[in-house]
Amino acid sequence: MIDIGANLLHSQFDSDRDAVIERAHAAGVARMLLTATDLSTSTAAIEFCTRRNDIRCTAGVHPHVAKEVESGWISRLSELATSPLVKAVGEMGLDYNRNFTTPEQQQTVFHSQLDIAEQIRKPVFVHDREASADVLAALTSHGRLTGVVVHCFTGDEKELDDYLSAGFHIGITGWVCDQRRGQPLRDIVTRVPLSKLLIETDAPYLLPHNVPANELTTGNKRRNEPAMLKYVVRQLAQLYGTEEAEIITATSRNAREFFNWK
Ligand SMILES: [Zn+2]
């Protein structure tokens, strides 16, 4: 399995990061993509991936912190993103749920990152929360993107169909395991063809609801980690009516191709 979205540098992993990675491998997660959210985590992520084969990263600015960019950030990010350890530009996008940064500034920072991705020919790792019309407009206005994944998709049927029509990949997290708030997603997720499906934990967030209590690591009982990716796979296999092996084969192949991670 390949976890395409893990916030491995989050402080919740500070005390046992190596053990978390070992548990992921033991659970069949061969590779993880470490998601960066600003220039300093992008720098730290690249450093973390150095001398490793199992972990690669993104470099980018999350919409929550778009207001914090400093002058010169575009050239600095371009430079970071050209590292061979960086497999996508992001996470980037729009989040109108919280609006920690004004929508206008979020859009400015989003478009600048889309320009960078086009220039350096790397795919984009996109965050959309209650902003799909503007996210779609921004993405389709950049015609030279090499690939788009909308990560942690939680939108509705029309939003999903619009993204799929545009040829984008869709990242599914443990949100799909939640029988209450995840039900709308459970009802539509199989519209995603297996050729466009990617899986992620978004650890330490979004612990899948189908994880048995005895599997939870001691300490923080709500913390998610990449080893739990198998529960996303299990849920998807049930919803698609197929074997877990087929979900794993398809999503691993998609991730290797999409991120050019051979
Ligand atoms: Zn996100």
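Quick caveat: nothing in here was measured; it's all calculated off a predicted structure. The written sequence of each chain sets the order in which its residues are numbered from 1. Under the rules for a predicted model, residues below a pLDDT of 70 receive no local features and side-chain atom pairs below 80 are neither given nor counted, while totals for whole chains, interfaces and linings still include all residues. Side-chain figures throughout are based on the complete set of non-hydrogen atoms in the structure, without hydrogens or water.

Draft legend 1. Inspection of the overall build of the protein chain at higher detail. Segments assigned H or I by DSSP are reported as helices when at least four residues long, segments assigned E as strands when at least two residues long, and all are numbered from the N terminus. Within the protein chain one finds 9 helices and 8 strands. For the radius of gyration, the atoms used are the C-alpha atoms, and the globule rule reads 2.2 Å times the number of residues raised to 0.38. On C-alpha atoms alone, the protein chain measures out to a radius of gyration of 17 Å, which is about the 18 Å that the 2.2 N^0.38 rule sets for 262 residues. Over its C-alpha atoms, taken along the principal directions, the protein chain stretches across nearly 50 × 40 × 35 Å. Each of the 262 residues in the protein chain was classed as buried or not, and the buried ones make up 56%. By definition in these notes, contact holds between two residues if any of their heavy atoms fall within 4.5 Å. Considering only residue pairs separated by 6 or more positions, the protein chain has 71% of its internal contacts joining residues 24 or more positions apart. Exposure was quantified through the Shrake-Rupley algorithm and a 1.4 Å probe, taking into account, for residues, occlusion by the shown protein chains and nothing else. Of the roughly 11,300 Å² that the protein chain leaves accessible, carbon and sulfur atoms contribute 47%. In this charge count, Lys and Arg are treated as positive and Asp and Glu as negative; neither His nor the chain ends contribute. To locate a charge, take atom NZ for lysine, CZ for arginine, CG for aspartate or CD for glutamate. Both charge centroids of the protein chain, one from 28 positive and one from 34 negative side chains, sit 5 Å from each other. Note on classification: 1.4 Å probe, protein chains only; a residue is buried when its accessible area is under 20% of the maximum for its type, exposed when over 50%, partly exposed between these limits.

Draft legend 2. How the structure looks around the pattern of salt bridges. One speaks of a salt bridge when a side-chain nitrogen belonging to Lys or Arg is within 4 Å of a carboxyl oxygen belonging to Asp or Glu. Summed over all chains, the structure comprises 14 salt bridges. Its salt-bridge partner being Asp-54, residue Arg-52 comes within 2.9 Å of it at the nearest N-O pair. Take Arg-52: its relative accessible area is 24%, and that puts it in the partly exposed class. Owing to a relative accessible area of 11%, Asp-54 belongs among the buried residues under this scheme. Note that Lys-158 and Asp-162 form a salt bridge whose closest N and O atoms lie 2.6 Å from each other. Residue Lys-158 and its partner Asp-162 are located together in helix α6 (residues 157-165), separated by 4 residues, close to a single helical turn. Residue Lys-158 is classed as exposed on the basis of its relative accessible area of 56%. Through salt bridges with shared partners, a single network forms among Asp-16, Arg-23, Arg-223 and Glu-225.

Draft legend 3. Just the packing of aromatic side chains, in detail. Stacked, edge-to-face and tilted labels apply to pairs of Phe, Tyr and Trp rings (six-membered ring for Trp) whose centres lie within 6.5 Å, assigned for plane angles under 30 degrees, over 60, and everything in between, in that order. Tallied over the entire structure, the rule returns 3 aromatic pairs. Between Phe-153 and Tyr-163, the aromatic rings sit 6.2 Å apart at their centres with planes inclined by 85°, giving edge-to-face as the arrangement. In this pair, Phe-153 is assigned in the loop between β6 (148-151) and α6 and Tyr-163 in helix α6, connecting sequence segments 10 residues apart. For the residue pair Phe-153 and Tyr-163, the accessibility class agrees, reading buried in each case. Judged by its relative accessible area of 1%, Tyr-163 is buried. Linked through ring pairs, Phe-153, Tyr-163 and Phe-168 together constitute an aromatic cluster.

Draft legend 4. Local environment of the packing of helix α4 (residues 103-120) against helix α5 (residues 132-140). Axes here refer to lines fitted to C-alpha atoms; in helices the fit is confined to the stretch in contact. Angles between the N-to-C directions go from 0 to 180 degrees. For the pair α4 and α5, the least separation of the axes is 10 Å and the interaxial angle reads 30°. Judged on the interaxial angle alone, α5 and α4 are roughly parallel. When you trace α4 past α5, the crossing you get is right-handed. Residues Gln-107, Phe-110, His-111 and Leu-114 of α4 form the contact with α5, whose own contacting residues are Asp-134, Val-135, Ala-138 and Leu-139. Oblique is the label for any angle not covered by the other classes, which are roughly parallel (under 35 degrees), roughly antiparallel (over 145) and roughly perpendicular (65 to 115). Definitions for this section: a left-handed crossing has its near helix turned counterclockwise from the far helix by less than a right angle. A right-handed crossing has that turn clockwise.

Draft legend 5. Inspection of the sheet that holds strand β4 (residues 86-95) at higher detail. We call two strands paired when DSSP finds no fewer than two bridges between them. The 8 strands are arranged β1-β2-β3-β4-β5-β6-β7-β8 in an open sheet whose pairing can be described as parallel. Edge positions in the sheet fall to β1 (2-6) and β8 (197-199), since each of these pairs with one other strand and no more. Sheet twist, expressed as the mean angle between neighbouring strand axes with direction ignored, is 30°. With 6 bridges connecting them, β4 and strand β5 (residues 124-129) associate as parallel partners. By the bridge assignment, Val-89 is partnered in β5 with Val-124. In this fold helix α2 (residues 39-49) packs onto β2 (31-34), β3 (55-59) and β4, with an angle of close to 160° to the strand it touches most, β3. Across the sheet, α4 touches β4 and β5, and the angle it forms with β4 is around 160°.

Draft legend 6. Up close: the nonpolar core. Grouped together as the largest cluster of nonpolar side chains are 70 residues, with contacts concentrated most on Phe-110, Val-124, Leu-139, Phe-153, Ile-170, Ile-172 and Leu-236. Setting aside its immediate chain neighbours within four residues, Phe-153 contacts Glu-159, Leu-160, Tyr-163, Ile-170, Gly-171, Ile-172, Leu-185 and Ile-188. Formed by 11 residues, the second largest nonpolar core is a distinct cluster that contains Leu-33, Ala-88, Val-149 and Phe-258. To form a nonpolar core, buried Ala, Val, Leu, Ile, Met, Phe, Trp, Tyr and Cys residues must be joined to one another through side-chain atoms within 4.5 Å.

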